Amino acid sequence: PMRRLIFLLFVLVYSRTEAAEIKDVRMWAAPERTRVVFDLTDAVDYQVFTIGNPDRVVIDFKRTRPTSRLQLPIKNTARLKRLRYARRGETGLRVVLDLNRPVDVRDSLLAPNQQYGYRVVLDLLATDGETGDTVKPRPAAGLKRKLPAPQSEPARDVVIAIDAGHGGEDVGAIGPSGIYEKDIVLAVARELAARIDRQVGMRAVLTRRGDYYLKLRTRMDKARAERADLFISIHADAFRDPRVRGSSIYVLSQSGASSEAAKWLADNENASDLIGGVTLDDKDDVLKSVLLDLSQTASIEASIDAANDVLESLKQLGKVHKKRVQHAGFVVLKSPDIPSLLIETAYISNPAEEKRLRSGAYRQKLAGAIFEGIADYFEENAPPSSRLAQNRNHKVARGETLSGIAVKYDVSISRIKLANNLDSETVWAGRVLKIP
């Protein structure tokens, strides 16, 4: 859902049509799941549901047509038998996946990346007891029962990965009273996770839940495994001068990005896991570098936007050490596909700030300020497939245009017009628009 630069590039290069087109169907079969991907020319509205006797997955695409004959690259896998499709109404398209056995379904609409455009991704997962899949899948709407009409699975939550720094034998900085940074930041991370989980449309994931150590790249891997939309690493700084105080926020520096790009390009194992599984193995060196640079640039831009929102919120809580977002080469900030920021909440070496950090009431305020910054960021940058995106509203300010609003939210003008029953691109100040 987040990569503003790539969205803008697509807007400039491709002309949007009123009806989206399915360009291709791709599929991967694995022991625990089968993934089916529909490549699209534009974002679409769609509904997914399952029907039994015989088992089928049905996808109803609105205002969509195929560019050519749709077919699966592999026929008759363990779960999937074949694909059928037909027109639905004047502008819709119904795709039916005939199954060999019941499945649990996950679906998502993905925004363009450096390799592909818009995609609807379906994961057909093993039902309980079929394999050793340890993650209980979120069932599709209408699973294992006949439906009189299409029903869509709820849009996904925005996922925020929260990384409490240090842990285990790595205690981090030590305050004047002897308190460890690792304990303070875990407490803050838990408070922040609780605030996020109370917000409809958001879900928090803690990289560590207790007092144990995780390698820095393992923390990144955990965020990627959860398909996090934002990664936040929580720390408490220290300095030899106990008078130094205030919070700071860091995003990845250009030098850090360059060194990480070199590592990804040199590591064949990592290369096969880039950007949601898009492999670089079959690309030449120049194209590899360009693709990775596009992804990193978009991710860093999103990181800066999120960091600025959080920093402005922290300024309302108290003194900040640096008034602007800082850049550094911290390893945990180096995911090329996840906007990431590191927050130095305060100086644990400052007696007054250490005292505040030890207070549960203050940690709640601190977590609240960070949360407000996160909420401000996702208010304008919610992934298209998320519940937050479906519930967005925009009050038109004086001088704003529909095209400018569309660019701001990374959606097409036609989708905004359709969502608000607009006959023209003229909008008046004060009107509240639903942003699809």
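As shown above, the structure is provided for reference.
One structure accompanies this document, and this report is about it.

This part is about empty space enclosed by the protein. To find leftover empty space, one rolls a probe the size of a water molecule over the atoms. Volume-wise, the second largest cavity comes out at about 40 Å³. Examining the composition of the lining of the second largest cavity, we find that three residues originate from one element, helix 6 (residues 285-315), more than from any other. Residues of the lining of the second largest cavity, tallied by class, amount to four nonpolar, four polar and no charged.

As summarised here, the arrangement of the five strands in space is 5-1-2-9-8, forming an open sheet in which the pairing is mixed. The sheet terminates laterally at strand 5 (64-66) and strand 8 (104-110), the two strands that pair on one side only. Here the average twist between neighbouring strands, direction ignored, is 30 degrees. In the sheet, strand 1 (residues 20-29) pairs with strand 5 via three bridges, with the strands oriented parallel. Bridge assignment links Glu 21 to a residue of strand 5, and that residue is Arg 65.

Before going further, it helps to examine the nonpolar core. Note on soluble globular proteins: their nonpolar side chains tend to be buried together. By size, the foremost hydrophobic cluster in this structure holds 48 residues, and its most contacted members are Ile 160, Ile 162, Leu 341 and Ile 374. At nine residues, helix 8 (residues 360-381) tops the list of elements feeding residues into this core. Not counting chain neighbours up to four residues away, the residues in contact with Ile 374 comprise Ile 160, Leu 192, Ile 196, Met 202, Leu 230, Ile 232 and Val 310. Within the second largest apolar cluster, 29 residues are counted, among which are Leu 72, Leu 83, Tyr 118 and Leu 122.

So, about the pairing of strand 11 (residues 202-206). Burial of strand 11 is extensive: four of the five residues sit out of reach of the surface. Taken together, the five bridges between strand 10 (residues 158-164) and strand 11 define a ladder with parallel strand orientation. For Val 159, the partnering residue across the bridge sits in strand 11 and is Arg 203. For the handedness criterion, the β-α-β arrangement of strand 10, helix 2 (residues 181-198) and strand 11 is classed as right-handed.

Another point: the sheet that holds strand 7 (residues 92-99). The four strands are arranged 3-4-7-6 in an open sheet whose pairing can be described as antiparallel. Because the sheet does not close on itself, it has two edges, and the strands there are strand 3 (46-51) and strand 6 (80-88). Across this sheet, the average inter-strand angle for adjacent strands is 15 degrees, counted without regard to direction. Sheet topology places strand 3 next to strand 4 (residues 56-61); six bridges connect them, and they run antiparallel. Residue Val 48 lies in a different strand from strand 4, and its bridge partner there is Ile 59.

The next thing to look at is unusual backbone geometry. Glycine aside, negative phi is the norm for most residues, and most peptide bonds take the trans geometry. A cis amide bond links Asn 53 to the next residue, Pro 54, at an omega of 0 degrees. With respect to the secondary-structure elements, Pro 54 resides in the loop between strand 3 and strand 4. One non-glycine residue, His 166, lies in the positive phi region at around 65 degrees. Position of His 166 relative to the elements: it lies in the loop between strand 10 and helix 2.

Rules of the game
- Residues numbered from 1 in each chain as written.
- Predicted model: local features only at pLDDT ≥ 70, side-chain atom pairs only at ≥ 80, totals over all residues.
- Heavy atoms only, no water.
- 1 Å grid on protein atoms, 1.4 Å probe; cavity = no way out; pocket = protein on both sides within 12 Å on 5 of 7 lines; lining within 4 Å.
- Points joined across faces, edges and corners; volume = space filled by probe spheres on them.
- Helix = DSSP H or I, 4+ residues; strand = E, 2+ residues; numbered from the N terminus.
- Nonpolar A, V, L, I, M, F, W, Y, C, P; charged D, E, K, R; others polar.
- Pairing = 2+ DSSP bridges.
- Axes fitted to C-alpha atoms, helices over the stretch in contact; angles between N-to-C directions.
- Core = buried A, V, L, I, M, F, W, Y, C linked by side-chain atoms within 4.5 Å.
- Buried < 20%, exposed > 50% of the residue type's maximum accessible area, 1.4 Å probe, protein only.
- Contact = heavy atoms within 4.5 Å.
- Right-handed = clockwise from strand over helix to strand, strands pointing away.

Note that every value here comes from positions in space, so none of it alone points to a role or purpose.
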